[in-house]
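# Reading the structure
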Amino acid sequence: MRTGEDLRALRERKPLVHQITNYVVMNETANATLALGALPVMAHAVEEVEEMASVAGSLVLNIGTLSQQWIEAMLLAAKAANAAGVPVVLDPVGAGATRFRTETAKRILAESHIAIVRGNAAELATLAGREAEIRGVESIGASDSGAELAAAAAVALGCVVAVTGPVDHVSDGEHGIAIRNGHELLGRVSGTGCMATAVTGCFAAVAPGRSFDAAAEALVAFGVAGEDAARDAKGPGTFHAGLYDALYNLDPKTIDSRAKVGE
Amino acid sequence: MRTGEDLRALRERKPLVHQITNYVVMNETANATLALGALPVMAHAVEEVEEMASVAGSLVLNIGTLSQQWIEAMLLAAKAANAAGVPVVLDPVGAGATRFRTETAKRILAESHIAIVRGNAAELATLAGREAEIRGVESIGASDSGAELAAAAAVALGCVVAVTGPVDHVSDGEHGIAIRNGHELLGRVSGTGCMATAVTGCFAAVAPGRSFDAAAEALVAFGVAGEDAARDAKGPGTFHAGLYDALYNLDPKTIDSRAKVGE
Amino acid sequence: MRTGEDLRALRERKPLVHQITNYVVMNETANATLALGALPVMAHAVEEVEEMASVAGSLVLNIGTLSQQWIEAMLLAAKAANAAGVPVVLDPVGAGATRFRTETAKRILAESHIAIVRGNAAELATLAGREAEIRGVESIGASDSGAELAAAAAVALGCVVAVTGPVDHVSDGEHGIAIRNGHELLGRVSGTGCMATAVTGCFAAVAPGRSFDAAAEALVAFGVAGEDAARDAKGPGTFHAGLYDALYNLDPKTIDSRAKVGE
């Protein structure tokens, strides 16, 4: 992990992060991407997703408000990204809550090569065939510990997995890391999970071939920003505004010393 | 009315509030729901709305940015909610502004059982067959007083009606209440009406069979939050951020004493 | 140019600004419109766009998240607006980034009468048949100077053109003006270009037949608001909230003296 160095590279290169995401958080993930220092673009038409994904630094897929046309666009974009060597990050929002979401997440994983899946415990447990409880898109509980779940899901899905919650866990199936950065107000703002996935896409764009690092660095950066945003927040509204300020003001020189990581 | 008690229950039980709403306010209504203490979920695909609505605490329908597929999804969800005993709240955004919106709102009311309709004077006057003027989605005027209109609409539509404006009026056709909480800056932020409807859905989820109470309590809670948010606001932007803080910080112990209610 | 006078008229008349825009910025452009003092309405269904556009003060089209149904709705709305004498403003988001966007922008320009096109240098260079580089929806460079580009595009497209960037340029093909208001944080918030277009629609609604003035006044007003918002901002999040405050607090009495305009 070299969060500061990769953050510096991200701000210099300003990679294009193509996002096919849900209606609820489009503005939020675009703003998180811009605040961090990368360039977001949202495009979901089947007529243009392949062209856009092929020239992007990374592709982020998020199934938070699905419909058939969007699934088709996600699959086309993922295949084009795969062909162009562009890393793809998946956020399986609500997998486990309805059959439609579970099956769609599995279909994307089966039909394309995903570099990183970022989700909550219930979503990843569902995809890994383990027990979990989900209420809407909120994880209520899973039978495995976070570290066990991340490792099991990484093996089952054949990619890097980031399970976020009060403590985040990243695994590539062999190695794992726990990240304790963040703040409880992140759970009171809609789309912070989706923003963490977008930030993962930003780091993936400057760390090709290092998906484990990208996933872990993104969660350190996002968690540190959450800690900074909480300092002056009076509730979720001012915290939300402060989160973009904090992403923008992240300091590459100090960020590695602020990472709360362990095994 | 027992706003504090129901707010406390809402925060303890964290009911799932399934929202099929418009593109403009999805993030805002999700954040208002989360800030208050419930769990929002947005899902609009015909493949999943019945499954989601059946397990929700309440269903909120909002016609602010309609299209045919979404209407179909709303009808499917409403019928599934009805079958499962889940209360349904309708926000007829822009009824009266175009025939398409007027007819869609009437169709939803005809084909499913709606517990509460929350709208502005022009929207409710349109649905109740009375005179009104609407500009886009903004009520410019109605010939009836708010109390008369709420009562007439409740009788015409056969459900609880909440007509919001400078003074809010809730009626079940027999009894009525006027609520004077709120602040004029609510009229300068897009989607505050939609947020009031989402908050109504939150209270409906913990007050089954007490739709009149749920509608009135929601408007008290949202109005008090508006008053709190206005205190440090410098305009609609800081007011908007402050509104989520205020919803999050609503105090169940004092909220009933702050209700400005009358007949 | 008489920005103060037109701003005062806008706040008195509260014109309806019908916007068919992208999913990312709908809330943001609605809030910018409301904060300034006009009334936004979003409607994109083919069943209602003609009815809505016909009664609006102006129509704003924005191709930021295209799909076929939306293109059809934009064309129907534009023709209805043309027939009713309602000015139409176009934001060709991402023209040059994919063939689909370039062709759609050209098709709208060919099949309807557009009063004002507002875009960045790469988008306008693409539409005017000149060289440019775009990354996603961000202009990376254009071979012409801003003033030359605005003039050439105005001639090529046969309408008023506003090219925004660090310095904004407005041209009707014969006359040109440069506007130096604004702040660099505008580039770190998603959708500020789209908001500038919405504000252009607001001014166009109160300045029929004076499209050049409307385009220039809108960029002065939006730029001055950006300067005000930057004063207390700690980053893009607080700047974003402050931008709505600043639009709301724009003073018609002083705004003309704050315009930084030249040739």
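Note: the structure precedes this text.
Residues numbered from 1 in each chain as written. Chains lettered and ligands numbered in written order. Predicted model: local features only at pLDDT ≥ 70, side-chain atom pairs only at ≥ 80, totals over all residues. Heavy atoms only, no water.

Glancing now at the pattern of salt bridges. Using the criterion set out here, one finds 42 salt bridges over all chains in the structure. Between A:Lys79 and A:Glu111 there is a salt bridge; the shortest N-O distance is 3.6 Å. Remark: A:Glu111 occurs in helix α5 (residues 99–111) and A:Lys79 occurs in helix α4 (residues 68–84); sequence separation between them is 32 residues. Its relative accessible area of 41% is what places A:Lys79 among the partly exposed residues. Here C:Asp213 and C:Arg210 are joined by a salt bridge, their closest N and O atoms 3.1 Å apart. Exposure remark for C:Arg210: the relative accessible area of 19% places this residue in the buried category. Look at the salt bridges and you will find they share partners, linking A:Glu227, A:Asp228, A:Arg231, A:Arg258 and A:Lys260 into a network. (Salt bridge = Lys/Arg side-chain N within 4 Å of Asp/Glu carboxyl O. Helix = DSSP H or I, 4+ residues; strand = E, 2+ residues; numbered from the N terminus. Buried < 20%, exposed > 50% of the residue type's maximum accessible area, 1.4 Å probe, protein only.)

Rotating chain A by 120° and moving it 0.0 Å along the rotation axis overlays it on chain C with an RMSD of 0.0 Å. Taken together, the rotation angle and the small translation identify this as a three-fold axis. Judged by C-alpha distance, A:Tyr23 is the residue of chain A that lies nearest the rotation axis, at 3.8 Å. A distinct binding surface is used by each copy, with only 3% of the interface residues of chain A retained as interface residues in chain C. (Least-squares fit on C-alpha atoms with pLDDT ≥ 70 in both. Contact = heavy atoms within 4.5 Å.)

Now for α5(A). Between its first and last C-alpha atoms α5(A) spans 18 Å; for 13 residues at 1.5 Å apiece the expected length is 18 Å, and the two agree. Among the residues of α5(A), A:Phe100, A:Arg101, A:Thr102, A:Thr104, A:Ala105, A:Ile108 and A:Leu109 are the ones counted as buried. (Expected span 1.5 Å × (residues − 1).)

A separate point is the state of the cysteines. Under the defined criterion, the tally for this structure stands at zero disulfides over all chains. In this structure A:Cys202 is a free cysteine whose sulfur lies 14 Å from that of A:Cys194, the closest cysteine sulfur available. (Disulfide = S-S within 2.5 Å.)

Residue and element names in this part refer to chain C. By the bridge criterion, four bridges tie strand β9 (residues 168–171) to strand β10 (residues 176–179) in an arrangement that is antiparallel. Each bridged residue has a counterpart across the sheet, and for aspartate 168 the counterpart in β10 is isoleucine 179. What sits between β9 and β10 in their antiparallel hairpin is a turn of four residues, with glycine 173 showing a positive phi close to 100°. Inspection of the sheet shows β10 paired to strand β11 (residues 261–262) by two bridges, in the antiparallel sense. The residue of β11 that forms the bridge with alanine 178 is glycine 262. (Pairing = 2+ DSSP bridges.)

Each side of the interface is counted separately: chain B has 29 residues, and chain A has 29 residues. For the pair chain B and chain A, the summed buried area comes to about 2,500 Å², and 57% of that belongs to carbon and sulfur atoms. Along the contact surface separating chain B from chain A lie two salt bridges. The residue A:Arg101 makes a salt bridge to B:Glu48 at a minimum N-O spacing of 2.8 Å. Those elements that provide at least two residues to the side of chain B that touches chain A are α2 (26–36), β2 (39–42), α3 (49–54) and α10 (236–249) of chain B. (Buried area = accessible area lost by both parts, 1.4 Å probe.)

Attention now goes to the packing of helix α2 (residues 26–36) of chain A against helix α10 (residues 236–249) of chain A. Helix-helix packing is described using two parameters, namely the angle between the two axes and the distance between the axes. All names here are of chain A. One way to put it is that α2 packs onto α10 with a least axis distance of 7 Å and a crossing angle of 30°. As judged from the angle between their axes, α2 and α10 are roughly parallel. Crossing geometry of α2 relative to α10 is assigned as right-handed. The segment α2 lies against α10, with Glu28, Asn31, Ala32, Ala35 and Leu36 engaging His240, Tyr244, Leu247 and Tyr248. (Axes fitted to C-alpha atoms, helices over the stretch in contact; angles between N-to-C directions. Parallel < 35°, antiparallel > 145°, perpendicular 65-115°, else oblique. Left-handed = near helix turned anticlockwise from the far one by under 90°.)

This paragraph deals with the pairing of strand β6 (residues 132–135) of chain B. Residues and elements named next belong to chain B. Note that β6 and strand β7 (residues 138–142) share four bridges and pair antiparallel. Opposite isoleucine 134, over in β7, you have serine 139 as the bridge partner. Here β6 hands over to β7 after two residues, with glycine 136 in that stretch at a positive phi of 70°.

Attention now moves to empty space enclosed by the protein. As enumerated under the stated definition, the model contains four cavities of 30 Å³ or more in all. Each pocket or cavity is described by its volume, and for the largest cavity that value is around 310 Å³. What lines the largest cavity is a set of 21 residues, and nearest its centre among them are A:Glu28, A:His240, B:His240, C:Glu28 and C:His240. Among the secondary structure elements, those contributing two or more residues to the lining of the largest cavity are α2 and α10 of chain A, α2 and α10 of chain B together with α2 (26–36) and α10 (236–249) of chain C. Taken together, the residues of the lining of the largest cavity break down into six nonpolar, twelve polar and three charged. (1 Å grid on protein atoms, 1.4 Å probe; cavity = no way out; pocket = protein on both sides within 12 Å on 5 of 7 lines; lining within 4 Å. Points joined across faces, edges and corners; volume = space filled by probe spheres on them. Nonpolar A, V, L, I, M, F, W, Y, C, P; charged D, E, K, R; others polar.)

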